[in-house]
Amino acid sequence: MAKGFVFDVQSFSVHDGPGIRTTVFMGGCSLKCLWCHNPEGMSAVPKLRYDSSLCIMCGECQNICDCHSISEAYHAVNRTVCSNCGKCTNVCPTDALSICGALMTEDEILTKLIRDMPFYGKNGGVTFSGGEPLLQADFICECMKKCKKLEITTAVDTCGNVPREDIDRVLPYTDFFLYDIKAVTEEIHIKGTGTSNKSILENCRYLSDIGIKLHVRIPLIGSFNADESEIRNISAFLSSLKTPPESVTMIPYHSLGREKYGMFGMNLPKNDGFHVSCDDIEHLKNIMRECGMPDSQK
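A quick note: this is a predicted structure, and the numbers were derived from the prediction, not measured. (Residues numbered from 1 in each chain as written. Predicted model: local features only at pLDDT ≥ 70, side-chain atom pairs only at ≥ 80, totals over all residues. Heavy atoms only, no water.)

K.L.:
I'd like a rundown of the overall build of the protein chain, residues and numbers included.
P.N.:
When you go through the protein chain residue by residue, the secondary structure sums to 10 helices and 10 strands. Computed over the C-alpha atoms, the radius of gyration of the protein chain is 20 Å, within 12% of the 19 Å expected from 2.2 N^0.38 for a compact globule of 298 residues. When the backbone C-alpha atoms are referred to their principal axes, the protein chain occupies close to 60 × 45 × 30 Å. Here the contacts in the protein chain between residues at least 6 apart in sequence split such that 71% fall between residues at least 24 apart. As displayed, the protein chain has an accessible area near 14200 Å², and 52% of this comes from carbon and sulfur atoms. In the protein chain, 30 positive and 37 negative side-chain charges are present, and the distance between their average locations comes to 3 Å. (Helix = DSSP H or I, 4+ residues; strand = E, 2+ residues; numbered from the N terminus. Rg over C-alpha atoms; globule rule 2.2 N^0.38 Å. Contact = heavy atoms within 4.5 Å. Areas by Shrake-Rupley, 256 points an atom, 1.4 Å probe, with all protein chains shown as cover. Lys, Arg positive; Asp, Glu negative; His and termini not counted. Charge placed at Lys NZ, Arg CZ, Asp CG, Glu CD.)

This is how it looks when you write it as structure tokens:
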């Protein structure tokens, strides 16, 4: 049976599509967003997480580490020699050390979904998110085939920066897409994500042309896209789609994921004014309303 790399499974999610959902976070991403709040999902390999706030300096991890990657003085992890074997996590009494991410089979995913099914109601279901779930299109396709047999509503949360054939693989088993539009102006998109948005916009238009339900989500980031000009550009693009989005939601920047970078030994991105004021958020929302976008703002 095929396996996919998953870095988290979140039950009772209410932000990843209509109703109560289970969100399966797939590892690996095709963008490098400066504001990413799930850095543990950037690649599809297990990572050692170290939460210093839970550490009691007992030394058990140092005693068992074959790589000698944990310093005695501060329990800092030397990532250049750490093999992510997980031995230290087995002896850590406070779970200060843990491995994030694992290969899972389709049946292991389905077991979790079946457990949550009583809470889905009429609108809930499963959302495959990430990272970028379509980098593992074959795996989530097989998962969603089994979901359909159980009458579980399926969604894919994508940035759209994938080959068209990966989208086509999952189309027969996907009820709707959550589709991220970060910027329409290509130079702005490259500045914030390191990647062109050409295929993203083409894939969005493709899904609209064939009548797939789209829930568009716009991360609202200061010094990136949180200005009147770019929001009008995004609105104009969405207005040009053959099938209008079911909803358009702005998601203002939050800093909740910044502490994760240190836990995984990653460099913290420089925050160049990513926060957006409440007044500016409301102003930009009003612009989208004026442009006729379907409003799903809370």
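K.L.:
How would you sum up the packing of aromatic side chains? Please name residues and give values.
P.N.:
On inspection of all chains with the given rule, the structure shows four aromatic pairs. Arranged with centres 5.6 Å apart and planes meeting at 40°, the rings of Phe7 and Phe25 form a pair that is tilted. A residue pair is termed long-range when its members are at least 10 positions apart, and Phe7 in strand 1 (residues 3–13) and Phe25 in strand 2 (residues 21–26) qualify at 18 residues. Ring centres 4.7 Å apart and planes at 75° place the aromatic pair Phe12 and Phe119 in the edge-to-face group. (Phe/Tyr/Trp six-rings, centres within 6.5 Å; stacked < 30°, edge-to-face > 60°.)

K.L.:
Any chance you could break down the nonpolar core for me, citing the residues and the numbers?
P.N.:
Counting residues in each nonpolar core, the largest one holds 49 residues, and the members touching the most others are Phe177, Ile181, Leu238 and Met288. Ranked by residues supplied to this core, first place goes to helix 4 (residues 137–149) with seven residues. Counting residues in hydrophobic clusters, the runner-up holds 11 residues, among them Leu48, Ile70, Val77 and Cys88. (Core = buried A, V, L, I, M, F, W, Y, C linked by side-chain atoms within 4.5 Å. Buried < 20%, exposed > 50% of the residue type's maximum accessible area, 1.4 Å probe, protein only.)

K.L.:
So what about the pairing of strand 2? Which residues, and what values?
P.N.:
Buried residues dominate strand 2, accounting for six of its six residues. Covered by surrounding structure in strand 2 are Arg21, Thr23 and Phe25 together with Thr22, Val24 and Met26, the residues of both alternating faces. As judged from the five bridges shared by strand 1 and strand 2, these two strands associate in the antiparallel manner. Looking across to strand 2, one finds that Val9 is bridged to Val24. (Pairing = 2+ DSSP bridges.)

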